[in-house]
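Breakdown of the fold
In case you want the letters, here they are:
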Amino acid sequence: MKKIGFDNDKYLKIQSEHIRERIAQFDGKLYMELGGKLFDDHHASRVLPGFKPDSKLRMLAQLRDSIEIIIVVSAEDIERNKVRADLGITYDEDVLRLREEFMNRDFMVGSVVITHYNGQHAADQFRHRLERMGIRSYVHYLIDGYPHNVELIASDGGFGMNDYVETSRELVIVTAPGPGSGKMAVCLSQLYNENKRGIRAGYAKFETFPVWNLPLKHPVNIAYEAATADLNDVNMIDPFHLEAYGKTAINYNRDIEIFPVLNALFEGIYGENPYKSPTDMGVNMIGFCISDDDVCCQASRDEIIRRYYTATNKLADGADNENEVNKILMLFNQAKLTTAYRRVTVAANARKEETGQTSAAIELSDGTIITAKSTPLLGCCAALLLNATKHLAGIDHEAKLIPQSMIEPIQKTKIEYLGGRNPRLHTDEVLVALSVLSPSDENCRHALEQLPQLRDCQVHSTVMLSEVDRKIFKKLGCGLTCDPVKKQ
């Protein structure tokens, strides 16, 4: 069984209660900037075992009747067809995807706001498309000197020039396809325009990491830095919070750097700032829901190592990300880590030293380590799947699930007919072969039935895997790392 370190039920309860308390501090209207992933926060579920990837969405569902959602997209991102790397779709298409995802879960999506607008033709076309679909849209303009020219920004020539977004519910969630879309500016613009209408609306920021009430060098917070090493985010002690309350709280550099500007903007809008620190603006209660700190520390150390391998694999593929790799190596020192902390890494490399062949290893949920090496018939990860499922099904290790007479025709097709160079079977081909054999072979059927038990297991390969193999392990729910070594 996977060890649990996070109380998800407690999180759903106290996080929703805290947001209700924040709404009550203002005139029944709170604009909440939503950072990070909402539908599929796999980073949080990895470093906080027990946290569900959709926990934030489930928490917000408890407030559903109070929520209205605004989706923000930058006109500049629309103009240059910016693509979400994880989904392979443009930001404007992702606006429509997000809207559908929310509406399928019975959330109210009130409108779309197009920010950084300066007459971009592609933005106009997108707005016409939204109009044809019956979706309300608004535009917010570029403001000279934003965010530092406070006198202009907090005036009718700044925020006052933006469209006022009409909303009807007390909690307005402001979200976007990705960073840099202008979520915070939309929130602040609405505060300015609500205030002109006699409504003292509030602002809050809902981000999971860094966890403000964990120590600066806690592995969970270091894992966040590793996850954002490409952005060069840096966790810091919030100096404003320390000065105001005499208490240590953790935030990150960008929020701390922008706080004096936000403070001036709040004063420009309201005459005073209701918050004494950037940490005050947050509503994150996740740190109070850790039930086993040791489990979360171990999971976070594993995550830091996974991030290191991801970065070094990108570098080996030709990416210009040496700074990212060096940043994670620095975090290794802070966390007192080496790759030897990851048991499957040690096991895979030991098998490679022993056999002279590329190798792979998997750590099962009970801690058992299974290894495999490449053979003339099978790649190391294809062999690993067979070895692991045989072990879980209680099948003798020496038993051959897929006969050579079946493998050889597949290899012939790959090489002679499809022009491939590697005759060894990949993971997907092994799984298809097992499926074909399973109606008439009890062992193959039992082996396939073990696949769900591989979820959350850790895997390491001594060679970088093909995209096909990586996708198979992702679908199986395994945490995969690879040495930054390309196949010969």
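Summarised in this report is the structure supplied together with it. (Residues numbered from 1 in each chain as written. Predicted model: local features only at pLDDT ≥ 70, side-chain atom pairs only at ≥ 80, totals over all residues. Heavy atoms only, no water.)

1. Things to note about the packing of helix 13 (residues 293-316) against helix 14 (residues 322-335)
Rule in force here: Interaxial angle, 0 to 180 degrees, is taken between N-to-C directions of lines fitted to C-alpha atoms, where a helix line uses only the stretch in contact. Numbering of helices and strands starts at the N terminus; helices are DSSP runs of H or I of at least 4 residues and strands are runs of E of at least 2. Every angle not falling under 35 degrees, over 145, or within 65 to 115 is termed oblique; those three ranges are roughly parallel, roughly antiparallel and roughly perpendicular. What makes a crossing left-handed is the near helix being turned counterclockwise from the far one by less than a right angle; a clockwise turn instead makes it right-handed. Contacts were defined at the residue level, with two residues in contact if any of their heavy atoms lie within 4.5 Å. All residues other than Ala, Val, Leu, Ile, Met, Phe, Trp, Tyr, Cys, Pro, Asp, Glu, Lys and Arg, Gly among them, are scored as polar; the first ten of these are nonpolar and the last four charged.
At a minimum axis separation of 9 Å, helix 13 and helix 14 run at an interaxial angle of 155°. What the angle tells us is that helix 13 and helix 14 run roughly antiparallel. Remark: the crossing between helix 13 and helix 14 carries left-handed chirality. Facing helix 13, whose interface residues are I304, I305, R307, Y308, A311, T312, K314 and L315, helix 14 presents E322, E324, V325, I328, L329, F332 and A335. In the contact of helix 13 with helix 14, the residues fall into 10 nonpolar, 1 polar and 4 charged.

2. Focus: unusual backbone geometry
For residues other than glycine, phi is negative in most cases, and the peptide bonds are mostly trans. Rules: Burial classes: relative accessible area under 20% of the type maximum marks a residue as buried, over 50% as exposed, and values in between as partly exposed (1.4 Å probe, protein chains only).
Of the consecutive residues Y146 and P147, the connecting peptide bond is found in the cis state with omega at 5°. In this structure, P210 follows F209 across a cis peptide bond, with omega equal to -5°. If you trace the backbone, P210 turns up in the loop between strand 8 (202-206) and helix 9 (219-227). Unusually for a residue other than glycine, N232 sits at a positive phi of about 60°. Judged by its relative accessible area of 46%, N232 is partly exposed. Even without glycine at this site, D456 takes up a positive phi of about 70°.

3. Observations regarding the packing of aromatic side chains
For the record, the criterion: Only the six-membered ring of Trp is used, alongside the rings of Phe and Tyr, when aromatic pairs are assigned; centres must lie within 6.5 Å, and planes under 30 degrees apart are stacked while those over 60 apart are edge-to-face, with the rest tilted. Lysine and arginine charges are scored as sitting over a ring when NZ or CZ, respectively, is within 6 Å of the ring centre and within 35 degrees of the ring normal.
Under the definition given, this model contains 16 aromatic pairs. On the basis of an interplanar angle of 65° and a centroid distance of 5.8 Å, the ring pair of Y117 and Y141 is categorised as edge-to-face. One end of the pair, Y117, is in strand 5 (residues 108-117); the other, Y141, is in strand 6 (residues 137-141), and 24 residues separate them in sequence. Under the relative-accessibility criterion, Y117 is labelled buried at 15%. Since its relative accessible area comes to 37%, Y141 is described here as partly exposed. Pairing W212 with F288 gives two aromatic rings, centres 5.9 Å apart and planes at 65°, and the pair type is edge-to-face. Linking W212 in the loop between strand 8 and helix 9 with F288 in the loop between helix 12 (278-281) and helix 13, this pair joins segments that are 76 residues apart in sequence. When its relative accessible area of 26% is taken as the criterion, W212 is described as partly exposed. With a relative accessible area of 37%, F288 lands in the partly exposed category. By the ring-pair criterion, three or more aromatic residues cluster together here, those being F26, Y203, F266, Y270 and Y275. Over the aromatic face of F107 sits the side chain of R64, whose NZ or CZ is 5.0 Å from the ring centroid. When the ring centre of Y270 is taken as origin, the NZ or CZ atom of R200, which lies over that ring, is 5.4 Å away.

4. Considering the nonpolar core
Condition: The term nonpolar core refers to a set of buried residues drawn from Ala, Val, Leu, Ile, Met, Phe, Trp, Tyr and Cys, joined through side-chain atoms within 4.5 Å.
By size, the foremost hydrophobic cluster in this structure holds 104 residues, and its most contacted members are L48 and L60. With 7 residues, the single largest contributor to this core is helix 11 (residues 253-270). Leave out the neighbours within four places in its chain, and L60 touches I19, M32, L38, I67, F107 and I173. Residues A372, C381, F473 and C478 belong to the second largest nonpolar core, which totals 39 residues.

5. What about the sheet that holds strand 13 (residues 458-461)?
Stated formally: Pairing between two strands is assigned when DSSP locates at least 2 bridges connecting them.
Taken together, the 4 strands give an open sheet; going across it, the order is 12-11-13-14, and neighbouring strands pair in mixed fashion. The sheet is open, and its two edges are formed by strand 12 (369-373) and strand 14 (479-482), each paired on a single side. Between one strand and the next, the sheet's axes are offset by a mean angle of 15°, whatever the strand orientation. Two strands pair when backbone bridges link them, and strand 11 (residues 359-363) and strand 12 are joined in this way by 5 bridges, in the antiparallel orientation. Paired with A361 across the bridge in strand 12 is T371.

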